[in-house]
Amino acid sequence: SGGMRKRAGLARALALDPELLFLDEPTAGLDPIGAANFDHLLRELRAFDEDFIRELALLKLDMVDIDRRAAARMPSELSGGMVKRVGLARALALEPELLFLDEPTAGLDPDRSESFVSLIASLRDRLELTVVMVTHDLDTLHAICDRVAVLLDKRIVAGTMAELLVYDHPWVREYFHGPRGRAAGLR
């Protein structure tokens, strides 16, 4: 698709080093979120001037619904939801085709969790992303994923949600049809 070609072109232009994609913390460091704390990936590549890098960092913050005025804030001044969104903005900085998420709603209040899941789903659709996610949150799983994989008896079983819902295994029945599955609206 056109979106994938654009991302591939940017990746080639930036000569991406895969090690730059793995970050310890979304708000690590002592810089404001819109400065070196967020856009250091692009600075390290030395492919763009400072004005372009700053505008791109602000664009990524806009994409995750963080007001540009918040870019001057220190990481300690961010709410838990803002920390998650800054992490998402950083993950999107290099225009990836794949977005890896580990328990994306952990630590969020239910209302914040729902809005974060909606943001991820919206970005997935708009940016044509493939989202690979580890989660135990069935609401999140149901809202974002087209395919699901579970580890059963030392092997991976994968399929659509509909396929897993009819898979004949005691753990699958308990997990997807038990109280958590019913609360998530799985049938």
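Bear in mind that the values here come from a model prediction, so they are computed numbers and not experimental data.

Enquirer: Looking at this model, I keep getting lost on the overall build of the chain. Mind explaining?
Expert: Across its full length, the chain carries nine helices and four strands. Listing the helices and strands of the chain from first to last along the sequence gives α-α-α-α-β-α-β-α-β-β-α-α-α. Taken over 187 residues, the chain has a buried fraction of 41%. Intrachain contacts of the chain at a sequence separation of at least 6 include 60% that bridge at least 24 residues.

Enquirer: Looking at this structure, I do not really get the nonpolar core. What am I missing?
Expert: Note that soluble globular proteins tend to have their nonpolar side chains buried in a common cluster. Val 64, Leu 88, Leu 92, Leu 123, Val 148 and Phe 176 are the most contacted members of the largest nonpolar core, which has 41 residues in total. In terms of residues, this core owes the most to one element, helix 5 (residues 110–127), which gives six residues. Look past the residues within four positions of Val 148 in its chain and what remains in contact with it is Leu 141, Val 157, Ala 158, Gly 159, Met 161, Leu 164 and Phe 176.

Enquirer: Would you explain the layout of surface pockets in this entry?
Expert: Where empty space is left can be seen by rolling a probe of water-molecule size over the atoms. Its volume calculated, the second largest pocket comes out at about 390 Å³. Forming the boundary of the second largest pocket are 16 residues, of which Met 133, Thr 135, Val 148, Ala 149 and Val 150 lie nearest the centre. Sorting the residues of the lining of the second largest pocket by element identifies strand 2 (130–134), strand 3 (147–152) and helix 8 (170–177) as the ones contributing at least two each. Per-element tally for the lining of the second largest pocket: the top contributor is strand 3, with five residues. Of the residues that constitute the lining of the second largest pocket, the class distribution is 13 nonpolar, two polar and one charged.

Enquirer: Would you explain the environment of Trp 171 in this entry?
Expert: By secondary structure assignment, the location of Trp 171 is in helix 8. Given a relative accessible area of 37%, Trp 171 falls into the partly exposed group. Through-space distance from the C-alpha of Trp 171 to that of Leu 152 is 7.9 Å; in sequence the pair is 19 residues apart. What Trp 171 contacts, discounting residues up to four positions off in sequence, is Val 150, Leu 152 and Phe 176.

Enquirer: What's the story with the packing of aromatic side chains in this structure? I'm lost.
Expert: What describes a pair of aromatic rings is the distance from one ring centre to the other and the angle between the planes of the rings. In total, this model carries three aromatic pairs according to the counting rule given. Here a set of aromatic residues connected by ring pairs shows up, and it is made of Trp 171, Tyr 175 and Phe 176.

Enquirer: Help me understand the pattern of salt bridges in this model?
Expert: Side chains carrying opposite charge are able to pair once their charged atoms draw close together. All chains considered together, the criterion is met by six salt bridges. With its nearest N and O atoms 2.3 Å apart, the salt bridge here joins Lys 60 to Glu 95. You can see Lys 60 sitting in helix 3 (residues 50–63) and its partner Glu 95 sitting in the loop between helix 4 (80–92) and strand 1 (98–102), a full 35 residues away along the chain. The closest approach of N and O atoms between Arg 173 and Asp 168, which form a salt bridge, is 2.5 Å. One continuous salt-bridge network, built from bridges that share partners, spans Glu 55, Asp 62 and Arg 68.

Enquirer: What is the right way to read the environment of Leu 141 from this model?
Expert: Assignment of secondary structure puts Leu 141 in helix 6 (residues 138–144). A relative accessible area of 9% places Leu 141 in the buried class. For the pair formed by Leu 141 and Val 117, sequence separation is 24 residues and the distance between their alpha carbons is 9.3 Å. In contact with Leu 141, other than residues within four places in its own chain, are Met 133, Thr 135, Val 148, Met 161 and Phe 176.

Criteria and thresholds
- Residues numbered from 1 in each chain as written.
- Predicted model: local features only at pLDDT ≥ 70, side-chain atom pairs only at ≥ 80, totals over all residues.
- Heavy atoms only, no water.
- Helix = DSSP H or I, 4+ residues; strand = E, 2+ residues; numbered from the N terminus.
- Buried < 20%, exposed > 50% of the residue type's maximum accessible area, 1.4 Å probe, protein only.
- Contact = heavy atoms within 4.5 Å.
- Core = buried A, V, L, I, M, F, W, Y, C linked by side-chain atoms within 4.5 Å.
- 1 Å grid on protein atoms, 1.4 Å probe; cavity = no way out; pocket = protein on both sides within 12 Å on 5 of 7 lines; lining within 4 Å.
- Points joined across faces, edges and corners; volume = space filled by probe spheres on them.
- Nonpolar A, V, L, I, M, F, W, Y, C, P; charged D, E, K, R; others polar.
- Phe/Tyr/Trp six-rings, centres within 6.5 Å; stacked < 30°, edge-to-face > 60°.
- Salt bridge = Lys/Arg side-chain N within 4 Å of Asp/Glu carboxyl O.

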